[in-house]
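# Residue-level structure breakdown
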Amino acid sequence: MGRRARLGLALHLGLALCLAALWAGGLVAADEDGNQDESLESKTLSAEDQVKDHSTGTRVVAGQIFLESGKTDSQSEDEESLHSQEEEKEISLDELNSLEMSNLLNKDLEEAEIQSPVLTAIGGTADGEPCHFPFLFLEKEYAECTADGREDGRLWCATTYDYKKDQKWGFCETEEQSNKRRQMQEAEDVYQTGMKILNESSKKAQKKEAYQYLLKAADMNHTKAMEKVSYALLFGDYLKQNIQSSKELFEKLTEEGSPKGQMALGFLYASGLGVNSSQAKALVYYTFGALGGNLIAHMILGYRYWAGIGVLQSCESALTHYRLVANHVASDISLTGGTVVQRIRLADEVENPGMASGMLEEDLIQYYQFLAEKGDVQAQVGLGQLHLHGGRGVEQNHQRAFEYFNQAANAGNSHAMAFLGKMYSEGSDVVPQSNETALQYFKKAADMGNPVGQSGLGMAYLYGRGVPVNYELALKYFQKAAEQGWVDGQLQLGSMYYNGIGVKRDYKQALKYFNLASQGGHILAFYNLAQMHATGTGVMRSCHTAVELFKNVCERGRWSERLMTAYNSYKDGDSNSAVVQYLLLAEQGYEVAQSNAAFILDQKASIVGENETYPRALLHWNRAASQGYTVARIKLGDYHFYGFGTDVDYETAFIHYRLASEQQHSAQAMFNLGYMHEKGLGIKQDIHLAKRFYDMAAEASPDAQVPVFLALCKLGVIYSLQYVREINIREVFSHIDMDQLLGPEWDLYLMTIIALLLGTIIAYRQRQHQAIPRAAGLRPAVPQQEPPPEHQPPQ
């Protein structure tokens, strides 16, 4: 019995651990519905994208093959031999215990079935009797409660098999439960109607109509509708911005256990919108949101642990959160690369409108469209790429991208053929997925030496899409694409070297090609490098490097589309909506969002109190500066210099200017350091150092040359006056020996010079007196005037 008890205890413990593991896995999977809005829904890889021909122990993430462990082949063989020896010793014990364990498991399952709740009929003709499933009603069997045969829609069941024969039945729910269920069904119908309009329309008026349906569903306590409406009220998306109403909805959602509501309430406490700021409460709500599987909450916690905001700085904790989010982002990356998001700095946009944003003007887009219609192949390919990925002021539109690529491909353009192959390989609502068609286009493009086509052909042979798997050919085409600098070829080549597919495993080569692909900005290259640095595979393990790389991947997620939404709100004059959106992105660690939020707050945003704008702006300038943004570092110096949001502190201002000067070589910071040295503010006055910093500023930037010239002129005058003030004129002349300087007869020389000067002056004055009477006696000739027209003699 003792052994049986121990085995039973072990079994129960094992089951508990399995349930815990499933629950932990569910936290990750649960965030499919736990993101910020509909644009945050993560998609997983389809079964077609999974490689079936690889050995066990590998996994595929976003089309990339990774071993579950970074062990070498020899290490794996050694471990296998050790495991085999251990397994031989344990086989006999397992055979003895297997029967007893299975009996215990069956017994537990039987007990679980016995303890499962039995549905009891309420009212009717069999009140209190258990429902019988299945039961027969109108020649149809029902395995669950039904509303068939009733006009009021209440669910009922029979307590015997044949209802017609026995007429024994009862309700499965109380009248209150029935009313609540019908109300929730009605709310679900209203919600689905609103979502259908929202997803199928691109017009603002129709989207506003969709939100009216969502508002109605939210009033009926529909959870998903409340989530949509609460965020719309927070950001002012198609509904009038109302922070207080959104806060009430978030509190209600939090009580119901919604991870979205918990994360958003944490954001309100972190930013002090609608509530008194409390970083402690914010941390609690963020933690609950992350436990519920919300990726935004995980990302915020990752940034907080990385920067030490409200928590002790912990690289390993940051790595855990960032890696979890990066796994989802990487699995969401398609072959076409996904949507491009512009990161626009409002400060640069104000100084150079249109230059820093990279947005294409409408007139320029129309000009390209005109060229494309006239048959310009390059314009067709360029517009196709713009519509395929979106960005630069052009909305993503696969239909138009397909049309432009088709026109260019018919004209024989290899680039267009390759992109058509990518579209067919990926598949979409516009272009049906077809490996055969994709393969044809890839072959045509590859035969013309196009690297995109070569990479696509390599993918086909690597994964067996339309052709048998052939690692040698895959390697060959990836090498050709990589030699021409195509990032996809470099990425896939690195993956093959990492896993030893078609080549001998070589982590150094893998690292080389991943680095090359990352220089081209490929998200999966950053992800792969992060995995290598996090596990110490092929490189020295570096938590800090891994976190920075994973953070880069996380910031490419679908929630980054909010950056463009915030920018458009700002351009439309809605600063309050823009600043709230930027503040949420700033919480996630986006440096550009932190600087943009600080920029808007610096302009006295009305959504926060007038006395709070500078302190909050200072906070976000500080966070942006810690991520290496030069302008933010200079702004910190300005705020401490002038006392904006803090006390005047010249020493702290000097430190910030010096950091900007040394680390980012900022001309503005050098000029400010020169001024502080000149005036002796926060540092001992030193005119020589002031001149040095002014000169460095002029060398660092041509734009600084004019202000530096004026500052140096001023410095020269000040230096001269200071020199004159410091010396004694009488002492200077008393020390001068004129006999030694000019000779013994210097007085005669001086008298001669004075006499000559006096004679010159007298002669000049006499000549002036002689010229005045002559000038006065002259009379200019008066021109003869013509008589008036009426007195002129007739012609």
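This text follows the structure it describes.
In what follows, the accompanying structure is described. (Residues numbered from 1 in each chain as written. Predicted model: local features only at pLDDT ≥ 70, side-chain atom pairs only at ≥ 80, totals over all residues. Heavy atoms only, no water.)

Attention shifts here to the state of the cysteines. Within the structure shown, the criterion is met by three disulfides. The disulfide partner of Cys131 is Cys157, and the gap between their sulfur atoms is 1.9 Å. On the sign convention where negative is left-handed, the bridge of Cys131 and Cys157, at about -60° about the S-S bond, is left-handed. Of this pair, Cys131 sits in the loop between helix 2 (73–115) and strand 3 (135–137) while Cys157 is found in strand 5 (residues 156–158), placing the two residues 26 residues apart along the sequence. Between Cys145 and Cys172 runs a disulfide, and the two sulfur atoms are separated by 2.0 Å. Taking the sign of the S-S torsion, -90° for the link of Cys145 and Cys172, the bridge is left-handed. Of this pair, Cys145 sits in the loop between strand 4 (140–142) and strand 5 while Cys172 sits in the loop between strand 6 (169–171) and helix 4 (175–200), and the two are 27 residues apart along the sequence. The exposure classification of Cys145 matches that of Cys172, with both residues buried. Described in terms of the sequence order of its bonded cysteines, the disulfide pattern of the protein is 1-3, 2-4, 5-6. (Disulfide = S-S within 2.5 Å. Helix = DSSP H or I, 4+ residues; strand = E, 2+ residues; numbered from the N terminus. Buried < 20%, exposed > 50% of the residue type's maximum accessible area, 1.4 Å probe, protein only.)

Right, let's get into the pattern of salt bridges. Within this structure, the stated rule accounts for 17 salt bridges. Note that Arg150 and Asp152 form a salt bridge whose closest N and O atoms lie 2.9 Å from each other. The partly exposed category is assigned to Asp152, whose relative accessible area is 33%. Between Glu587 and Arg623 there is a salt bridge whose closest N-O contact spans 3.3 Å. Here Glu587, found in helix 25 (residues 575–587), pairs with Arg623, found in helix 27 (residues 613–626); they are 36 residues apart in sequence, far enough to count as distant. Take Glu587 and Arg623: they sit in the same class, and that class is buried. Overlapping salt bridges bring together Arg304, Glu587 and Arg623 as one network. (Salt bridge = Lys/Arg side-chain N within 4 Å of Asp/Glu carboxyl O.)

Further remarks concern the nonpolar core. Side chains of nonpolar character tend, in soluble globular proteins, to be buried together. Core analysis: the largest hydrophobic core is formed by 154 residues, its most contacted members being Leu234, Phe267, Tyr322, Tyr582, Ile600 and Trp621. Sorting elements by how many residues they give to this core places helix 22 (residues 523–535) first, with nine residues. Apart from the residues lying within four places of it in its own chain, the contact partners of Ile600 are Leu346, Tyr570, Ser575, Ala578, Val579, Tyr582 and Ala605. By size, the runner-up hydrophobic cluster in this structure holds 12 residues, among which are Cys145, Cys157, Trp169 and Phe171. (Core = buried A, V, L, I, M, F, W, Y, C linked by side-chain atoms within 4.5 Å. Contact = heavy atoms within 4.5 Å.)

We now examine the packing of aromatic side chains. One pass over the full model with this rule turns up 28 aromatic pairs. Aromatic side chains Trp169 and Phe171 sit 5.2 Å apart centroid to centroid with 90° between the ring planes, which places their arrangement in the edge-to-face category. You'll find Trp169 and Phe171 in the same group, each marked buried. Pairwise contacts between aromatic rings join Phe133, Phe135, Phe137, Tyr142, Trp156, Tyr163, Trp169 and Phe171 into one cluster. Across the ring face of Tyr477, the terminal group of Lys476 is positioned such that the distance to the ring centre comes to 5.5 Å. (Phe/Tyr/Trp six-rings, centres within 6.5 Å; stacked < 30°, edge-to-face > 60°. Lys NZ or Arg CZ within 6 Å of the ring centre and 35° of its normal.)

Where helix 8 (residues 259–271) meets helix 25, the axes come as close as 11 Å, and the angle between the chain directions of the two elements is 100°. In terms of orientation, helix 8 and helix 25 fall into the roughly perpendicular class. In this structure, helix 8 contributes Met263, Phe267 and Ala270 to the contact, and helix 25 contributes Val580, Leu583, Leu584 and Glu587. For the contact of helix 8 with helix 25, a count of residues per class yields six nonpolar, no polar and one charged. (Axes fitted to C-alpha atoms, helices over the stretch in contact; angles between N-to-C directions. Parallel < 35°, antiparallel > 145°, perpendicular 65-115°, else oblique. Nonpolar A, V, L, I, M, F, W, Y, C, P; charged D, E, K, R; others polar.)

Now for the packing of helix 7 (residues 243–255) against helix 8. It is at 8 Å that the axes of helix 7 and helix 8 come closest, and there the two elements cross at 135°. In terms of axis orientation, helix 7 runs oblique to helix 8. The two elements helix 7 and helix 8 meet at a crossing, and its hand is left-handed. Across from Lys247, Phe250, Glu251, Leu253 and Thr254 in helix 7, the residues of helix 8 making contact are Gly261, Gln262, Ala264, Leu265 and Leu268. Its residues assigned to classes, the contact of helix 7 with helix 8 comprises five nonpolar, three polar and two charged. (Left-handed = near helix turned anticlockwise from the far one by under 90°.)

With respect to the helices and strands, the residue Thr146 is situated in the loop between strand 4 and strand 5. Residue Thr146 is classed as buried on the basis of its relative accessible area, which comes to 7%. A distance of 3.0 Å separates a polar side-chain atom of Thr146 from the backbone nitrogen of Asp148. (Polar contact = N/O pair within 3.5 Å; in protein donor to acceptor, adjacent residues only side chain to side chain.)

Our next topic: the environment of Thr159. Mapped onto the fold, Thr159 is located in the loop between strand 5 and helix 3 (163–166). We classify Thr159 as buried; its relative accessible area is 9%. Along the chain, Thr159 and Thr120 lie 39 residues apart, while their C-alpha atoms are 8.7 Å from each other. Of note is the side chain of Thr159, whose polar atom sits 3.4 Å from the side chain of Glu129.

This next bit is on the side chain of Ser414. Mapped onto the fold, Ser414 is located in helix 16 (residues 414–426). The exposure class assigned to Ser414 is buried, which follows from its relative accessible area of 16%. A polar contact is formed between the side chain of Ser414 and the side chain of Asn450, at a distance of 3.2 Å. Not counting the four nearest positions on each side in its chain, Ser414 is found in contact with Ala445, Met448 and Asn450.

For the rest of this paragraph, the subject is a nonpolar patch on the surface. Taken together, the side chains of Val284, Phe288 and Leu291 make up a nonpolar region of the molecular surface, amounting to roughly 270 Å² of accessible area. Following the sequence through the fold, Phe288 ends up in helix 9 (residues 279–291). (Patch = residues over 30% accessible without salt bridge, like charges linked within 9 Å, V, L, I, M, F, W, Y side chains within 5 Å. Areas by Shrake-Rupley, 256 points an atom, 1.4 Å probe, with all protein chains shown as cover.)

Turning next to the environment of Asn450. Inspection of the secondary structure puts Asn450 in the loop between helix 17 (435–447) and helix 18 (451–463). Along the chain, Asn450 and Ala418 lie 32 residues apart, while their C-alpha atoms are 7.6 Å from each other. Ignoring anything within four residues of it in the chain, the contact list for Asn450 reads Ser414, His415, Ala418 and Ala445. Among the polar contacts made by the side chain of Asn450, one reaches the side chain of His415 at a distance of 3.2 Å.

Attention now moves to unusual backbone geometry. The omega angle of the peptide bond from Phe133 to Pro134 is -5°, so this bond is cis rather than trans. In this fold, Pro134 is placed in the loop between helix 2 and strand 3. Of note, the phi angle at Leu138 is positive, near 55°, even though the residue is not glycine. Summarising the element assignment, Leu138 is placed in the loop between strand 3 and strand 4. Even without a glycine there, the phi angle at His665 is positive, about 55°.

To continue, consider helix 23 (residues 543–554). With 12 residues, helix 23 extends 16 Å between its outermost C-alpha atoms, agreeing within 8% with the 16 Å of an ideal straight helix rising 1.5 Å per residue. Of the positions making up helix 23, those classed as buried are Cys543, Ala546, Val547, Leu549, Phe550, Lys551, Val553 and Cys554. Looking at the buried positions of helix 23, the neighbouring elements they touch are helix 10 (295–307), helix 11 (315–331) and helix 22. (Expected span 1.5 Å × (residues − 1).)

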